[in-house]
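Structure at a glance
Spelled out, the chains give:
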Amino acid sequence: MAATSQEQPKDKAQQRPKARLARGFVDRGPAELAASGRMLEKIRETYEFYGFDAVETPFIEYTDALGKFLPDQDRPNEGVFSFQDDDEQWLSLRYDLTAPLARFVAENFDSLPKPYKSYRAGWVFRNEKPGPGRFRQFMQFDADIVGAASVAADAEVCMMAADTLDALGLAGKYVIKINNRKVLDGVMEAIGIGGEDNAGRRLTVLRAMDKLDKVGVDGVRDLLGKGRMDPSGDFTKGAELTPDAADQVLAILGAREGSNAATVANMARAFAGTATGREGCAELAEISGLLSAAGYDDGRVIIDPSVVRGLEYYTGPVFEAELTFEVKDEKGRPVRFGSVGGGGRYDGLVGRFRGEDVPATGFSIGVSRLMAALLAVKSPVVAVEPPMGPVVVLVLDRDRLGDYQAMVGQLRAAGVRAELYMGQAGMQAQVKYADKRGSVCVVIQGSNEKEKGEVTIKDLRLGASIRQIKDRETYLAKQAEAQFVAPEADLVAAVKRVLDRYR
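A short tour of the structure in this document, coming up. None of the values given here were measured: they were computed from a predicted structure.

Moving on, we come to the pattern of salt bridges. If charged atoms from side chains of opposite charge come close, those side chains can pair. Evaluated as defined, the whole model comprises 25 salt bridges. Between D142 and R120 there is a salt bridge, with its nearest N and O atoms 3.9 Å apart. Of this pair, D142 sits in strand β6 (residues 137-146) while R120 sits in strand β5 (residues 116-125), and the two are 22 residues apart along the sequence. Across the pair, R120 and D142 agree in class, each one buried. In this structure, the salt-bridge partner of D298 is R300, at a minimum N-O distance of 3.1 Å. A single network of salt bridges, built from pairs that share partners, joins D163, D166, D298 and R300.

The description of two packed helices rests on the angle between their axes and on the distance between the axes. Here helix α2 (residues 30-49) crosses helix α13 (residues 367-376) at 105°, and the two axes come no closer than 11 Å. Considering the angle they form, α2 stands roughly perpendicular to α13. In this structure, α2 uses E32, A35, S36, M39, L40 and I43 to contact α13, whose residues at the interface are V367, L370, M371 and L374. Partitioning the contact of α2 with α13 into residue classes produces eight nonpolar, one polar and one charged.

A separate point is a negative patch on the surface. There is a patch of like negative charges on the surface, built from D85, D86, D87 and E88. Its location among the elements puts D85 in the loop between β3 (82-84) and β4 (90-93). Exposure remark for D85: the relative accessible area of 30% places this residue in the partly exposed category.

What counts and how
- Residues numbered from 1 in each chain as written.
- Predicted model: local features only at pLDDT ≥ 70, side-chain atom pairs only at ≥ 80, totals over all residues.
- Heavy atoms only, no water.
- Salt bridge = Lys/Arg side-chain N within 4 Å of Asp/Glu carboxyl O.
- Helix = DSSP H or I, 4+ residues; strand = E, 2+ residues; numbered from the N terminus.
- Buried < 20%, exposed > 50% of the residue type's maximum accessible area, 1.4 Å probe, protein only.
- Axes fitted to C-alpha atoms, helices over the stretch in contact; angles between N-to-C directions.
- Parallel < 35°, antiparallel > 145°, perpendicular 65-115°, else oblique.
- Contact = heavy atoms within 4.5 Å.
- Nonpolar A, V, L, I, M, F, W, Y, C, P; charged D, E, K, R; others polar.
- Patch = residues over 30% accessible without salt bridge, like charges linked within 9 Å, V, L, I, M, F, W, Y side chains within 5 Å.
- Areas by Shrake-Rupley, 256 points an atom, 1.4 Å probe, with all protein chains shown as cover.
- Lys, Arg positive; Asp, Glu negative; His and termini not counted.
- Charge placed at Lys NZ, Arg CZ, Asp CG, Glu CD.

From the geometry alone we can't say anything about function, so treat these as descriptive.
Put into structure tokens, the structure is as follows:
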């Protein structure tokens, strides 16, 4: 019987759930939340300065409304997190902020002003295998213009992206790159792989073009041909283009010149024979003129034919925000930080719900990646001290909880962040608790102080700093500042004097 009794706690322990974080998700503490809050506020200020209004859509949408990851027979969880409602409708956690916006605009089309300029910040979810830097939940901050067919809207979004990065302390450390999906389609037509039958080869070519910064011209040429062996020995099968077709692709990648106008002129010459390519170049030329007129032709926003984005639903200009400074990779090698956002024109996405194209363009910032960039360059936007912890009123006599709560009430009424200690520990443990909370000071009133109508204020920061002082007179003088007695009637003024030392 004794053995059975001893085994019971073990059995109960085995039944307890294990505290563990799900793969692909992260917890965030107060310091990170404070820094990201500052960053998001800067982005919001810039978006509102450009005339964008806030809108919020729910985390969950009908799966068929998302568009990109429609249910594949009985596998609606492919790419998204999905579940079936009690009416047998499939619902999914949103995987981006654009598809929900398209649903919102289509549902409220007649009541919204057009063009409709909105911004949204929120969490999105991907049902994908997590890895280093790849999470299943992350935040995006989007801005979109719906109902404007003119490429002036695309230029506006790119200029706003530049101003946003400037406001975040990244001036001179980024470039906004613009290309056009129509130009990319023109490339495919020119080399003879247009049409649905060649969709797979087109995707291989576009992926090869997208790797220009990583593998260089020779690497792209290999990927356009038979394939490429990387330094690790892995082989990537190529698009198997002819040498002449590969040269045409490389010619467009090499069209970049010192000015946007010269770049567009080179691209236009390369695609004089394709109507789609000519249309795309004409749109880029108009964007280039608008950028120049607004003073953004200073290297912040450039036309770059190597940009490949949005193989799923982009229909015109596409953009990417790239940070140009170097950081170290996991092996200690210097690499460019890379993309922190992008977007483009998606004239067909809202039209899925209406049966007609609705012009739209937008830009999305990857909040977590941008935060990492701001920390890397020590931007003042995120280089903030953790917020002061609350002033803690210690509880030394449990029969006088009402007195201590009254002190907390006085401090809060005066605008001081304060709390009553609610644990069961003694005085020293209470002080340690306040120190862990980041509190600047604590309020102490035992029976002796109460009889005299006094309180003791203990400055925890100053008390910690004077421990290294060797000179006795200096130490005693500082100690008198670190812990002092004040009339109970002067509680608020005494606490504020201590707080003011650190503001």
